[in-house]
Amino acid sequence: MTLSILLVISYIVGSFPTGFIILKLTHNLDIRKVGSGNVGTLNSFEVTNSKKIGILVLFIDLTKGTISVLLAKLFFPNDFLASVLSLNAAVLGHCYSIWINFSGGRGLATAAGGALFLSPAVLFIWLLSWILIKKLNPNIHIANVGATIIVILTAIFFAEPLNFITFPPAKESFIFIFSVSLLMFIILTKHLNPIKEIIYKN
C-alpha cells in the first residue's frame, strides 16, 4: 500500500457520517437541519435526548480515528508521519464528509480515537485543558477552542518530551509540531461559526 492510498482510505473511513445515518434511521431526521446542525455526538444526543444514541455516535466516531492510525501502523510501522497524516485525513473526512456535501462534525472524537494510539500525552493535555477551561466558562465551544489552542502551544514549546512519548515518535521535532498543529487547525475550522456567534452575542 502506498501512502496516498492509505490517506484516501483514511479519509473515506473518517467521512462515514455517523450521526447523520443514525438519526435518519432512528428518527428520520436530517441532523444538519436540527439543533446546532453539527453532525457529531453532542448534537445527536441533544436532538434525540437519547444517551444510547449519543454513546453510539461517540464510539463509532472514536473508532474511525483508531482505525486510521492502526492501519498506518500496520502498513507503515515505525513511521510517525504516515500515522499522523492518516489521522489528519480521517479527521478531515469527519469534518468535511464527501457523502453529505462536505459538512460533518467537529473532529474531536475522531482525533481522540487516533491520538489514544499515537500520542496519548497529547490527548491527555487536551482533555485536562478542556476540563479546566470548562470549569471557568461553561460554554463547550470555548472549552473546545481553548483546549485545542493549548495543544498547539504545548506541541510548539514541549515538542521533544511529547515526541519522546509518541508511538512511533517523529524523526524531527518540526514534523511533530507541524502535524499536530495541522490536526488542531482542522478542528478549529469547525469552531469558527460557534465562536463568531459567541462574540456577536457579547
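For clarity, every value in this text was computed on a predicted model and none was experimentally measured.

Caption draft 1: Representation of the pattern of salt bridges. One pass over the structure, following the stated rule, counts two salt bridges. Among the salt bridges present, the one from Arg32 reaches Asp30, with a minimum N-O distance of 2.9 Å. The salt bridge involving Asp61 is made with Lys64; its shortest N-O contact spans 3.2 Å. Taken as a pair, Asp61 and Lys64 lie in helix H4 (residues 51–75) at a separation of three residues, close to a single helical turn. When its relative accessible area of 1% is taken as the criterion, Asp61 is described as buried. A relative accessible area of 4% means that Lys64 is categorised as buried.

Caption draft 2: Summary view of the packing of H4 against helix H5 (residues 80–95). Close contact between H4 and H5 brings their axes to 8 Å; oriented N to C, the two are set at 150 degrees. When the interaxial angle is binned, H4 and H5 end up roughly antiparallel. Of the two possible hands of crossing, H4 and H5 adopt the one that is right-handed. From H4, Asp61, Lys64, Gly65, Ser68, Val69, Ala72 and Lys73 reach across to H5, where they touch Ala82, Ser83, Ser86, Leu87, Ala90 and His94. Residue composition of the contact of H4 with H5, grouped by class: five nonpolar, five polar and three charged.

Caption draft 3: Local environment of a nonpolar patch on the surface. Taken together, the side chains of Val8, Ile12, Ile98, Trp99 and Phe102 make up a nonpolar region of the molecular surface, amounting to roughly 530 Å² of accessible area. One can find Trp99 in the loop between H5 and helix H6 (108–118). We classify Trp99 as exposed; its relative accessible area is 56%.

Caption draft 4: The nonpolar core, seen in detail. The biggest cluster of nonpolar side chains holds 27 residues, and the ones touching the most others in it are Phe80, Val91, Val151, Phe176, Val180, Leu183 and Met184. Among the elements of the structure, H5, H6, helix H7 (120–136), helix H8 (140–157), helix H9 (159–164) and helix H10 (173–189) are those that each provide at least two residues to this core. Beyond its immediate sequence surroundings of up to four residues, Phe80 is in contact with Leu118, Thr166, Pro168, Pro169, Ala170, Ile175, Phe176 and Ser179. Judged by nonpolar contacts, the second largest core, of eight residues, contains Ile31, Ile53, Val57 and Ile100.

Caption draft 5: Summary view of the side chain of Thr66. Locating Thr66 in the fold gives a position in helix H4. A polar contact of 2.8 Å, which involves the side chain of Thr66, links it to the backbone oxygen of Gly113. Contact partners of Thr66, with chain neighbours within four places excluded, come to Gly113, Gly114 and Phe117.

About the criteria used
- Residues numbered from 1 in each chain as written.
- Predicted model: local features only at pLDDT ≥ 70, side-chain atom pairs only at ≥ 80, totals over all residues.
- Heavy atoms only, no water.
- Salt bridge = Lys/Arg side-chain N within 4 Å of Asp/Glu carboxyl O.
- Helix = DSSP H or I, 4+ residues; strand = E, 2+ residues; numbered from the N terminus.
- Buried < 20%, exposed > 50% of the residue type's maximum accessible area, 1.4 Å probe, protein only.
- Axes fitted to C-alpha atoms, helices over the stretch in contact; angles between N-to-C directions.
- Parallel < 35°, antiparallel > 145°, perpendicular 65-115°, else oblique.
- Left-handed = near helix turned anticlockwise from the far one by under 90°.
- Contact = heavy atoms within 4.5 Å.
- Nonpolar A, V, L, I, M, F, W, Y, C, P; charged D, E, K, R; others polar.
- Patch = residues over 30% accessible without salt bridge, like charges linked within 9 Å, V, L, I, M, F, W, Y side chains within 5 Å.
- Areas by Shrake-Rupley, 256 points an atom, 1.4 Å probe, with all protein chains shown as cover.
- Core = buried A, V, L, I, M, F, W, Y, C linked by side-chain atoms within 4.5 Å.
- Polar contact = N/O pair within 3.5 Å; in protein donor to acceptor, adjacent residues only side chain to side chain.

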